[in-house]
Amino acid sequence: MIGLGHYLVISAALFSLGIMCVLTRKNAVSVLMGVELILNSANLNLVAFSKYAAGNLNGQVFAIFIIIVAAAEVAVALAIVLSMYRMLRTVNLDRADTLKG
Amino acid sequence: MDTSLLSQIVFYFFAAVTLASAAVVVFSRSLIYSAFGLLFTFFGVAALYVFLGADFLAATQLVIYVGGILILLLFGVMLTHKLYDLNLKTETFQVAPSVLLMLAVFGVLVLAMMQTAWYNAGPRQPEPTTAAIGTLLMKDFILPFEVASVLLLIALIGAAMIVRRRAE
């Protein structure tokens, strides 16, 4: 029988893969993809708890707000990445060290 | 065939699709492969939402993530590389410590999950959620709803401002 634990394990795996993506990639767009994986794992957790534990729809409404914030985040982040590409001609995050003293 | 067995097979299929394509996103060297792996991850998560009885959220996931965010990311990939450069590779670094950290995070999460006695409300019949979510958004969550709309407006204006070409 499929239970809450199955969804939590899938969500934990997605979360750790997202962490891995954020830590290892040098390309800014790849790092954004990792952030999307992390947000999806959080959403999966919220919806699973909403079904198995809470018994109401508050978890799903939270997930909708997370999707809204993710959309806003990715739009602003890509604007920053494009602006960085225009200034530095690269999206390698190691090269964005202008603030380093 | 027993319907419960069938639903388990379908569940494990979508779980495998989700995790395998997420692994493609993380470990593929090509940015385009990563983006298409992300496509299948989003589809898999939407299928898991359907399993959880969240029909409206599954549709939202498809429309916003696949139709919006993934397209934006692909734009990002295409606009930040020269188009004749077909093998859009990305460099990786600190792979070994990251793998260790990934396994540690996964282990701690699963361990914490196993040792917690989760309250289980028992299986319920899935019902259509769209009307109930709409009522919740307009009654209990009206303030976050309005704040989210203002946030989207700010993000729209801010993104346009950031990428605007400055007047020389």
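### What about the interface of chain A and chain B?
Item 1. Facing 68 residues of chain A, the contacting portion of chain B comprises 77 residues.
Item 2. Of all residues in chain A, the largest losses of buried area upon contact with chain B belong to Met20(A), Arg25(A) and Met33(A), amounting jointly to 10% of the total for that side.
Item 3. There are 0 salt bridges connecting chain A and chain B.
Item 4. For the pair chain A and chain B, the interface holds 6 residue pairs in polar contact (both at pLDDT 80 or more).
Item 5. Of all the elements, helix 3 (residues 58–88) of chain A adds the most residues to the side of chain A that touches chain B, at 24 residues.
Item 6. For the side of chain A that touches chain B, the per-class residue count stands at 49 nonpolar, 14 polar and 5 charged.

### Re the pattern of salt bridges
Residue and element names in this part refer to chain A.
Item 1. For the structure on display, the rule yields 1 salt bridge over all chains.
Item 2. With a shortest N-O distance of 3.6 Å, Lys26 and Asp94 are connected by a salt bridge. With Lys26 in the loop between helix 1 (4–24) and helix 2 (28–54) and Asp94 in the segment after helix 3, this pair connects stretches of sequence that are 68 residues apart.

### Description of the packing of aromatic side chains
Item 1. Enumeration according to the criterion identifies 9 aromatic pairs over all chains in this entry.
Item 2. Look at Tyr7(A) and Phe11(B): their rings are 5.1 Å apart centre to centre, the planes differ by 75 degrees, and that puts the pair in the edge-to-face class. Separated into two different chains, Tyr7(A) in helix 1 and Phe11(B) in helix 1 (residues 3–27) make up a pair that spans both.
Item 3. Overall, the relative accessible area of 1% leaves Tyr7(A) in the buried class.
Item 4. For Phe11(B), a relative accessible area of 1% translates into the label buried.
Item 5. Aromatic pair Phe65(A) and Phe141(B): ring centres 6.3 Å apart, planes at 50 degrees, arrangement tilted. You can see Phe65(A) sitting in helix 3 and its partner Phe141(B) sitting in the loop between helix 5 (130–139) and helix 6 (142–163), one on each of two chains. One exposure class covers both Phe65(A) and Phe141(B), and it is buried.
Item 6. Among the aromatic residues, those joined into a cluster by ring pairs are Tyr7(A), Tyr52(A), Phe11(B), Tyr12(B) and Phe51(B).
Item 7. One cation-aromatic arrangement involves Arg89(A) over Tyr85(A); the distance from NZ or CZ to the ring centre is 4.9 Å.

### Notes on a nonpolar patch on the surface
Item 1. A contiguous nonpolar patch, built from Ile71(B), Leu72(B), Phe75(B) and Leu79(B) and spanning about 350 Å² of accessible area, is present on the exposed surface.
Item 2. Tracing the chain through its elements places Leu79(B) in helix 3 (residues 55–79).

### Considering the domain arrangement of chain B
Item 1. Taken domain by domain, chain B holds domain 1 (1–97) and domain 2 (127–168).
Item 2. The centre of domain 1 of chain B, based on its C-alpha atoms, is set 24 Å off from the matching centre of domain 2 of chain B.

### Some details on the nonpolar core
Where a protein is soluble and globular, its nonpolar side chains tend to be buried together.
Item 1. By size, the foremost hydrophobic cluster in this structure holds 63 residues, and its most contacted members are Tyr7(A), Met33(A), Leu38(B), Tyr49(B), Leu57(B) and Leu73(B).
Item 2. At the level of elements, helix 1, helix 2 and helix 3 of chain A together with helix 1, helix 2 (31–51), helix 3, helix 4 (95–114) and helix 5 of chain B are the ones that each hand at least two residues to this core.
Item 3. Ranked by residues supplied to this core, first place goes to helix 3 of chain A with 12 residues.
Item 4. In terms of domain composition, this core takes at least three residues from each of domain 1 (1–97) and domain 2 (127–168) of chain B.
Item 5. With residues near it in sequence (within four places) discarded, Leu57(B) still touches Val47(A), Gln60(A), Ala63(A), Ile64(A), Ile67(A) and Tyr49(B).

Thresholds applied
Residues numbered from 1 in each chain as written. Chains lettered and ligands numbered in written order. Predicted model: local features only at pLDDT ≥ 70, side-chain atom pairs only at ≥ 80, totals over all residues. Heavy atoms only, no water. Contact = heavy atoms within 4.5 Å. Buried area = accessible area lost by both parts, 1.4 Å probe. Salt bridge = Lys/Arg side-chain N within 4 Å of Asp/Glu carboxyl O. Polar contact = N/O pair within 3.5 Å; in protein donor to acceptor, adjacent residues only side chain to side chain. Helix = DSSP H or I, 4+ residues; strand = E, 2+ residues; numbered from the N terminus. Nonpolar A, V, L, I, M, F, W, Y, C, P; charged D, E, K, R; others polar. Phe/Tyr/Trp six-rings, centres within 6.5 Å; stacked < 30°, edge-to-face > 60°. Buried < 20%, exposed > 50% of the residue type's maximum accessible area, 1.4 Å probe, protein only. Lys NZ or Arg CZ within 6 Å of the ring centre and 35° of its normal. Patch = residues over 30% accessible without salt bridge, like charges linked within 9 Å, V, L, I, M, F, W, Y side chains within 5 Å. Areas by Shrake-Rupley, 256 points an atom, 1.4 Å probe, with all protein chains shown as cover. Domains from an automatic or database assignment. Core = buried A, V, L, I, M, F, W, Y, C linked by side-chain atoms within 4.5 Å.

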